[in-house]
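Inside the fold
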Amino acid sequence: MTARHDLLSLARGTRATLSLFVKDIGQGLLVVSHNSLALLGLAVVALGLVFVSQADLRQDLEGQALGWLNAREEARAQADGNTLFAVSEPNAVDRATAADPKDLPRQQAAVAMWLSRRYKVAPEPISRLVQEAWVISRKAQLEPTLILAIMAVESSFNPFAQSPVGAQGLMQVMTHVHNDKYEAFGGNLAAFDPITNLRVGVQVLKECIQRAGSLDEGLRFYVGAANLPDDTGYAAKVLELHEQMKSVATGRPVQAKPIRESSPMASATPLASADTDVTASKVALVQ
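Now for a quick tour of the structure. (Residues numbered from 1 in each chain as written. Predicted model: local features only at pLDDT ≥ 70, side-chain atom pairs only at ≥ 80, totals over all residues. Heavy atoms only, no water.)

Of all the positions in helix α8 (residues 215-223), only Gly218, Leu219, Arg220, Phe221, Tyr222 and Val223 are classed as buried. At the N-terminal boundary of α8, the capping side chain belongs to serine 214, with an oxygen 3.3 Å from the backbone nitrogen of glutamate 217. Remark: glycine 224 follows α8 within two positions and exhibits a positive phi of approximately 90°. (Buried < 20%, exposed > 50% of the residue type's maximum accessible area, 1.4 Å probe, protein only. Helix = DSSP H or I, 4+ residues; strand = E, 2+ residues; numbered from the N terminus. Polar contact = N/O pair within 3.5 Å; in protein donor to acceptor, adjacent residues only side chain to side chain.)

Right under this line is the structure:
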């Protein structure tokens, strides 16, 4: 009996010890877990504070995350055969030289649609050029239809036109001669921006008219024929087209003989007499 009693007592003691041991371990793990979670929470809070207070770090992390997401999206798009996703530019429309003809005043819209039909170009870019011609004409004290007539005769509204002597763009400005005028627009490459070329061309035209003393003679200076016996009918073509557009703008029927359109030629001659002679000679050879 005594041995059995001792065994039972030993078993009960062992169970009590094991129970206490397991309980202590459980409580210890609970405390450790609680402290670990507290430390993790503090770490998260600290990182959050650093993230909020450091704008550069935040932007860098946001940029990296966005780049990663875009890379994944681009890879999926390319796998589906969509090549535009990688080169899409939602703001590209801001670079377009275009306007809705419906948004133009009646006179401007009439001229824009007439030019669009005559020169077989889209009405939207022509509308923007007509709109700009009306704006710049008020500043330069020139008629907008005169400006548009020069563009038509010089380049047929091709903003990338270039003559054999280096006249460039819509108004066929001699870029290398008038490079100082392009400085305000970022440099000579702006010659191929339609609006910039129009503005520079108008300035050159105004200077030519002021120097020559009349519109007819100013047009001879503009085309480089000031020192030549004949401008091959350039001024007459510009003025005839100018009158036609004035009729279109006022709603009158256009009654004039058709104008033989000329290919882009050298215009906007230098205002220095020596350079004018050289350029005029080049134009004569081209013609």
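Our next topic: the pattern of salt bridges. Tallied over the entire structure, the rule returns seven salt bridges. As a salt-bridge pair, glutamate 217 and arginine 220 come within 3.6 Å of each other at their nearest N and O atoms. Residue glutamate 217 and its partner arginine 220 are located together in helix α8, separated by three residues, close to a single helical turn. The partly exposed category is assigned to glutamate 217, whose relative accessible area is 34%. A salt bridge links lysine 246 to glutamate 243; the nearest nitrogen and oxygen atoms lie 3.7 Å apart. One end of the pair, lysine 246, and the other, glutamate 243, are both in helix α9 (residues 234-250), three residues apart, so they sit about a helical turn from each other. In this structure, a network of salt bridges that share partners links the residues Arg128, Glu132 and Arg199. (Salt bridge = Lys/Arg side-chain N within 4 Å of Asp/Glu carboxyl O.)

The biggest cluster of nonpolar side chains holds 52 residues, and the ones touching the most others in it are Val111, Leu115, Val130, Leu148, Phe157 and Tyr222. When contributions to this core are tallied by element, the ones reaching two or more residues are α3 (106-119), α4 (123-140), α5 (144-155), α7 (194-212), α8 and α9. Excluding its chain neighbours within four sequence positions, the residues that come into contact with valine 111 are Val130, Trp134, Leu148, Met245, Val248 and Ala249. (Core = buried A, V, L, I, M, F, W, Y, C linked by side-chain atoms within 4.5 Å. Contact = heavy atoms within 4.5 Å.)

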